[in-house]
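# A structural walkthrough
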Amino acid sequence: MMTSTSDWAAYLAQMEQLLALELDDARRAELHSQFSRIAAMSAPLMAYPLDDRLEVAGVYQA
């Protein structure tokens, strides 16, 4: 899981290049803040242990 400042900065730089975006410093800082906030909120959920017998996601079968 990405949680460090440098990880988010690298991720944003990669996405900015991949999506051909030109973000100014204020927008980049706000995205960094939002991603960090989302990661902090999701940490307890991601740390919750699941039983090995449970499927993580359903699999569509026709």
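Preceding block: the structure.
The following paragraphs examine the structure supplied in this document. Worth saying up front: this structure is predicted, and the values here are computed from it rather than measured.

It is worth spelling out the overall build of the protein at this point. Broken down by element type, the protein carries two helices and zero strands. The C-alpha atoms of the protein give 16 Å as radius of gyration, which overshoots the globular expectation for 62 residues (11 Å, by more than 25%). Here the C-alpha coordinates of the protein stretch approximately 45 × 30 × 15 Å along the principal axes. Relative to its full complement of 62 residues, the protein shows a buried share of 10%. Surface accessibility of the protein: about 5,600 Å² in total, with carbon and sulfur atoms responsible for 59%.

Scanning the model with the defined rule gives three aromatic pairs in all. When the centroid spacing of 6.0 Å and the interplanar angle of 85° are considered together, the rings of W8 and Y11 count as edge-to-face. Linking W8 with Y11, this pair stays in helix α1 (residues 5-18), spanning three residues, or about one helical turn. On the basis of relative accessibility, which here comes to 10%, the residue W8 falls in the buried class. Taken together, a centroid distance of 5.7 Å and an interplanar angle of 85° make the contact between Y11 and F35 edge-to-face. Of this pair, Y11 sits in helix α1 while F35 sits in helix α2 (residues 25-47), placing them 24 residues apart in sequence. One aromatic cluster in this structure is built from W8, Y11 and F35.

What follows is about α2. For α2, built from 23 residues, the straight-helix expectation of 33 Å at 1.5 Å per residue is met to within 8% by its first-to-last C-alpha distance of 32 Å. At M41, α2 shows its strongest bend, of approximately 35°, with the proline P44 following within four residues.

Parameters and conventions
- Residues numbered from 1 in each chain as written.
- Predicted model: local features only at pLDDT ≥ 70, side-chain atom pairs only at ≥ 80, totals over all residues.
- Heavy atoms only, no water.
- Helix = DSSP H or I, 4+ residues; strand = E, 2+ residues; numbered from the N terminus.
- Rg over C-alpha atoms; globule rule 2.2 N^0.38 Å.
- Buried < 20%, exposed > 50% of the residue type's maximum accessible area, 1.4 Å probe, protein only.
- Areas by Shrake-Rupley, 256 points an atom, 1.4 Å probe, with all protein chains shown as cover.
- Phe/Tyr/Trp six-rings, centres within 6.5 Å; stacked < 30°, edge-to-face > 60°.
- Expected span 1.5 Å × (residues − 1).
- Bend = angle between axes of the 7 residues up to and from the residue.

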